[in-house]
Amino acid sequence: MAIFEGIEKIKYEGPGSKNPLSFKYYDADRVILGKKMSEHLPFAMAWWHNLCAEGTDMFGRGVANKSFGKEYGTMEHAKAKVDAGFEFMEKLGIKYFCFHDVDIVPEAEDIKETNRRLDEITDYILEKMKGTDIKCLWGTANMFSNPRFCNGAGSSNSAEVFAFACAQVKKALELTVKLGGRGYVFWGGREGYETLLNTDMKLEQENIARLMKMAVNYGRKIGFTGDFYIEPKPKEPMKHQYDFDAATAIGFLKAHGLDKDFKMNIEANHATLAGHTFEHDLRVSAINGMLGSIDANQGDYLLGWDTDEFPFDVYTATMCMLEVLNAGGLTGGFNFDAKNRRPSYTYEDMFEGFILGMDTFALGLIKASELIEDGRLEEFKKKRYESYFNTELGNKIMSGATLEEIASYAENKGKAELPGSGKQEHLEAIINQVLFR
Ligand code: XLS
Ligand code: NI
Ligand code: NI
């Protein structure tokens, strides 16, 4: 029996359609720059938001009902969530899902019992996967909800808590391999601090690296060939989180020799919390060869927290897709780490949230490809730096001349020319022209 009764498979109906349960821009088989839209945009469903979250916030309990007809806290409910998830993904044509260990089963007091439940539910998920083309994008361990992680997991002050983090990572890696996951994520939920007064920052950071190294060694041993990801976030829940942004996380990985096994999972709303644009953190990752996967959502510029809204902003989606296309695509995918607003609590809202997100990224892809074909942005950027490549001075700088040699150029010349207009307004006008023609 269908859970989302009355909601049929969502079809592409084009920009003229007024049917809310249809795609206006996401046309899976449409070819853009030589590749199908569905290949450019491997969308994923986040188990936690879509199948678990009911809109609980600090001021009130859930509004949406995600019981799917079963009793909360039971394995029947866990299985109903699997049923709901697969029906949901099939109806939307979504090929991937992402999960935390505790999203898929109710956590028991004893980790041995939690692990038994995890074996049972992943058998059930595997069974469901058969006959579909739905796969796991990435798995992860929730090391931030349980009270034992109040001071972090890898960064906890307690060796015993560290051991429980190891046990969860070990199990979540096994499950990810079992479900054929492409990646494994570390989001440093509470890997940070509240006050330096009680914090040994050096030890905490080294221990996070220790945990990651153990995970890489174990993962490779059990046949995990995918990428590990760090998902940077500057704050929330902790006041300061160690994986502040892409630049910080990449520096950390390099310092600890983890950069060959790890890439970035960049979340839009985390980048903006760090005081960057989404595209900034994508670019930082890409130029370091570490653009792995994306948590697709958006924040609210008037609110200073991780609101995890469905992506709606076409400018940002276009800038994102420009970065992704220029980087040659993702090894991961686009996980909608996004949730409906609390007052949007119906099953239709769940579908419309995803339709909005998928259409926004489809538009972003279309517009980014048009910007690339238009060529003016790239051409301008190239020209802006040409003095490094087509002047004698530039060639000297680029081929290892000394400080004295290069300084002598300036000393002889006496006064520098201005570097040439940055033409920001000119470029922004091109963006509008391509977006709205
Ligand atoms: C929270 C994070 C989280 C990760 C997975 O802000 O975005 O949902 O994606 O642990
Ligand atoms: Ni996320
Ligand atoms: Ni987030």
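Below or above, wherever it landed, is the structure these notes cover. (Residues numbered from 1 in each chain as written. Chains lettered and ligands numbered in written order. Predicted model: local features only at pLDDT ≥ 70, side-chain atom pairs only at ≥ 80, totals over all residues. Heavy atoms only, no water.)

## Re the site of ligand 1
Okay, so step 1: Around ligand 1, the neighbouring residues are Trp48, His100, Trp138, Trp187, Glu231, Lys233, Glu267, His270, Asp295, Asp306 and Asp337.
Okay, so step 2: Measuring from an oxygen atom of ligand 1, one finds a side-chain N or O atom of His100 at 2.7 Å.
Okay, so step 3: Between ligand 1 and the protein, one listed contact pairs an oxygen atom with a side-chain N or O atom of Glu267 at 2.7 Å. (Near = heavy atom within 4 Å. Polar contact = N/O pair within 3.5 Å; in protein donor to acceptor, adjacent residues only side chain to side chain.)

## Quick look at the sheet that holds strand β8 (residues 183-187)
Paired through their backbone hydrogen bonds, the strands of a sheet run either parallel or antiparallel.
Okay, so step 1: The eight strands lie next to each other as β5-β6-β7-β8-β10-β12-β13-β14, forming a closed barrel whose pairing is parallel. The sheet shows a mean angle of 30 degrees between the axes of neighbouring strands, taken without regard to direction.
Okay, so step 2: Relative to strand β13 (residues 291-295), strand β12 (residues 262-267) is paired through four bridges, and the arrangement is parallel. In the sheet register, Ile266 faces β13, and the bridge partner there is Ile294.
Okay, so step 3: Against the sheet, helix α8 (residues 246-255) touches β10 (227-231) and β12, its axis set at about 165 degrees to β12. (Pairing = 2+ DSSP bridges. Helix = DSSP H or I, 4+ residues; strand = E, 2+ residues; numbered from the N terminus. Axes fitted to C-alpha atoms, helices over the stretch in contact; angles between N-to-C directions. Contact = heavy atoms within 4.5 Å.)

## Description of the pairing of strand β7 (residues 135-140)
Okay, so step 1: Buried residues dominate β7, accounting for five of its six residues.
Okay, so step 2: Across five bridges, the pairing between strand β6 (residues 96-100) and β7 is parallel. In the strand pairing of β7, Cys98 is matched with Trp138.
Okay, so step 3: As judged from the two bridges shared by β7 and β8, these two strands associate in the parallel manner. Paired with Gly139 across the two strands is Tyr184, which belongs to β8.
Okay, so step 4: For the crossover that starts at β7, traverses helix α6 (residues 159-178) and ends in the parallel β8, the hand is right-handed. (Buried < 20%, exposed > 50% of the residue type's maximum accessible area, 1.4 Å probe, protein only. Right-handed = clockwise from strand over helix to strand, strands pointing away.)

## Focus on the coordination of the nickel ion (ligand 2)
Okay, so step 1: In the first shell of the nickel ion (ligand 2), the protein supplies Glu231 (OE), Glu267 (OE), Asp295 (OD) and Asp337 (OD), at 1.9 to 2.1 Å from the metal.
Okay, so step 2: If you look at the nickel ion (ligand 2), its six donor atoms make angles of 80 to 175 degrees with each other, and the shape they trace is octahedral.
Okay, so step 3: Donor residues binding the nickel ion (ligand 2) come from one chain and are separated in sequence as E-x35-E-x27-D-x41-D.
Okay, so step 4: The two metals, the nickel ion (ligand 2) and the nickel ion (ligand 3), are separated by 3.8 Å and share Glu267 as a common coordinating residue. Note that Glu231 is positioned in strand β10 and Asp295 in strand β13, a separation of 64 residues in sequence.
Okay, so step 5: Note on Asp295: relative accessible area 0%, which makes it buried. (Donors = N, O, S within 2.8 Å, 3.2 Å for Na, K, Ca; no water. Tetrahedral: all angles 85-135°; square planar, octahedral: opposite > 155°, others 65-115°.)

## Structural notes on the packing of aromatic side chains
Okay, so step 1: Going through the model one piece at a time under the given rule, you end up with 28 aromatic pairs.
Okay, so step 2: Taken together, a centroid distance of 5.3 Å and an interplanar angle of 80 degrees make the contact between Phe23 and Tyr26 edge-to-face. A single burial state applies to Phe23 and to Tyr26, both of which are buried.
Okay, so step 3: Positioned over the ring face of Tyr124 is Lys79, at 5.7 Å from the centre of the ring. (Phe/Tyr/Trp six-rings, centres within 6.5 Å; stacked < 30°, edge-to-face > 60°. Lys NZ or Arg CZ within 6 Å of the ring centre and 35° of its normal.)

## Let's talk about the nonpolar core
Okay, so step 1: Grouped together as the largest cluster of nonpolar side chains are 113 residues, with contacts concentrated most on Trp47, Leu92, Phe97, Phe186, Phe334 and Phe361.
Okay, so step 2: It is helix α12 (residues 347-374) that provides the largest number of residues to this core, a total of 11 residues. (Core = buried A, V, L, I, M, F, W, Y, C linked by side-chain atoms within 4.5 Å.)

## Digging into the side chain of Asp227
Okay, so step 1: When you line up the elements, Asp227 lands in strand β10.
Okay, so step 2: Relative accessible area serves as the criterion here: at 15%, Asp227 is assigned to the buried category.
Okay, so step 3: Only 3.2 Å separates the side chain of Asp227 from the side chain of Thr331, close enough to count as a polar contact.
Okay, so step 4: Residues contacting Asp227, with those up to four places away along its chain left out, are Arg182, Gly183, Tyr184, Asp261, Lys263 and Thr331.

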